[in-house]
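A closer look at the structure
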Amino acid sequence: MKISEILKSEPITISMEVFPPKSDVKLDSVRATVREIARLKPAFVSCTYGAGGGTSRYTVEISQDIMEEGVASMAHLTCISSTRDSVHEQIARIKEAGIQNILALRGDIPAGMDFPSPRYYEHAIQLVEEIRKDYPEACIGGACYPEKHPDAFNKDEDIRHIKEKVDAGCDFLTTQMFFNNSIYYNYLYRLREAGVTVPILAGIMPVTSRRQMERSIQLSGCVIPPELTALADRFGDSPEAMQQAGILYASHQIIDLIANGCGHIHVYTMNKPEVAAGILNNLKGIL
Ligand code: FAD
């Protein structure tokens, strides 16, 4: 099913992100984990795609596993380090596999790569345009950044590019993780003011270890509120306590979003079914 239709028909949706294994050795266990997450019956499950090719091989297979569990799936696709031919091939693979939803991404610029790229792709908007041509009936998502993309000069410029990406054919947007809902509400207001009218899914990352928190800051540059730092300081040495605290923090963020009319939430599960299940359990009476 197309995600645009799901979002239209349901005021509150909890969807989830999974990632493929880095090596063949872990393929079977990751596939089993993903199926466990799909059996929780989220609104849809998306599967990431490694920009450098490292974890790109299994995105389509895993997306098919998700559909076999009766859940809509979305395949991520990046373009920055790809040739045009390989991108066309991947779009054709996704279409042939019956996957109706694609998250169109640029990907991070690999270290040492010349930019603008001699290989053609510079921004996700070009990928959105290619998908629209090759697979017109696909539902296309794009990424957006409540605290601005790290490469952008300022928020206004970043929002202008988001508007162009949506006008090129994105049906919805999913945000980068954020840990302070006020940042999301302010961003949503600015997107709407700029004329972006598509659904914006709030990306929520349950922080279940101190290491993961440090990595999140490193990758996304997002602000960590003092409340979350306090949890990591107090419970960071106890995996069980930190997991429980992280699930509760994420659940609280989600409840606040839903209470404020922002009902479409995308949970970065980090391939942890017990974390995804813990969040859904905390929302039982609300969903
Ligand atoms: P773009 O939309 O191209 O934006 C990148 C930068 O370029 C921004 O600063 C923007 O303002 C600027 N820009 C855009 N258009 C123009 C223009 N026309 N002219 C000048 N500047 C412009 N990475 C992966 O490798 N695999 C994944 O599966 C993956 N999944 C993700 C899922 C989500 C929900 C999010 C939020 C990110 C994900 N990423 C993933 C990370 C993403 O690839 C990086 O953040 C990447 O650096 C930017 O990708 P983008 O699609 O947002 O790029």
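Look up: the structure comes first, before these words.
Below or above, wherever it landed, is the structure these notes cover. (Residues numbered from 1 in each chain as written. Predicted model: local features only at pLDDT ≥ 70, side-chain atom pairs only at ≥ 80, totals over all residues. Heavy atoms only, no water.)

Turning our eyes to something else, we now look at the packing of helix α6 (residues 155-167) against helix α7 (residues 181-193). Where α6 contacts α7, the axes come no closer than 10 Å and their chain directions differ by 60°. Regarding the angle of α6 to α7, the classification is oblique. As α6 runs across α7, the sense of the crossing is right-handed. In contact with Lys-155, Asp-156, Ile-159 and Ile-162 of α6, α7 contributes Asn-186, Tyr-187, Arg-190 and Leu-191. Per-class residue counts for the contact of α6 with α7 are four nonpolar, one polar and three charged. (Axes fitted to C-alpha atoms, helices over the stretch in contact; angles between N-to-C directions. Helix = DSSP H or I, 4+ residues; strand = E, 2+ residues; numbered from the N terminus. Parallel < 35°, antiparallel > 145°, perpendicular 65-115°, else oblique. Left-handed = near helix turned anticlockwise from the far one by under 90°. Contact = heavy atoms within 4.5 Å. Nonpolar A, V, L, I, M, F, W, Y, C, P; charged D, E, K, R; others polar.)

A word on the nonpolar core. Ranked by internal contacts, the top residues of the largest apolar core, which has 63 residues, are Ile-131 and Ile-254. Once residues within four sequence positions are removed from consideration, Ile-254 is found in contact with Ile-14, Ile-204, Ile-265, Val-267, Ile-279 and Leu-283. (Core = buried A, V, L, I, M, F, W, Y, C linked by side-chain atoms within 4.5 Å. Buried < 20%, exposed > 50% of the residue type's maximum accessible area, 1.4 Å probe, protein only.)

The next thing to look at is α7. End to end, α7 covers 18 Å across 13 residues, agreeing with the expected 18 Å (1.5 Å per residue, within 8%). Those residues of α7 that fall on the buried side of the exposure criterion are Asn-181, Ile-183, Tyr-184, Tyr-187, Leu-188 and Leu-191. End-on, the buried residues of α7 take up no more than an arc of 145°, which puts them together on one face. Facing away from the buried surface of α7 by more than 90 degrees, the exposed residues are Tyr-189 and Glu-193. Packed against the buried residues of α7 are β5 (139-144), α6, β6 (172-175), β7 (200-204) and α10 (239-259). With a side-chain oxygen lying 2.9 Å from the backbone nitrogen of Ser-182, the N-terminal cap of α7 falls on Asn-180. (Expected span 1.5 Å × (residues − 1). Arc of directions from axis to C-beta. Polar contact = N/O pair within 3.5 Å; in protein donor to acceptor, adjacent residues only side chain to side chain.)

Glancing now at the sheet that holds β5. With parallel pairing, the eight strands of this closed barrel are ordered in space as β1-β2-β3-β4-β5-β6-β7-β8. Strand-to-strand twist across the sheet, computed as the mean angle between neighbouring axes with direction ignored, equals 30°. On top of the sheet, helix α5 (residues 124-134) reaches β3 (72-78), β4 (101-105) and β5; it is set at about 150° to β4, its chief contact. (Pairing = 2+ DSSP bridges.)

Right, let's get into empty space enclosed by the protein. Over the atoms rolls a probe the size of a water molecule, and in doing so it shows where empty space is left. Enumeration over the complete set of coordinates arrives at one cavity of 30 Å³ or more. There is about 40 Å³ of room inside the largest cavity. Lining the largest cavity, in full, are Tyr-145, Pro-146, Glu-147, Lys-148, Gln-176, Met-177, Ser-220, Gly-221 and Cys-222. Its residues assigned to classes, the lining of the largest cavity shows four nonpolar, three polar and two charged. (1 Å grid on protein atoms, 1.4 Å probe; cavity = no way out; pocket = protein on both sides within 12 Å on 5 of 7 lines; lining within 4 Å. Points joined across faces, edges and corners; volume = space filled by probe spheres on them.)

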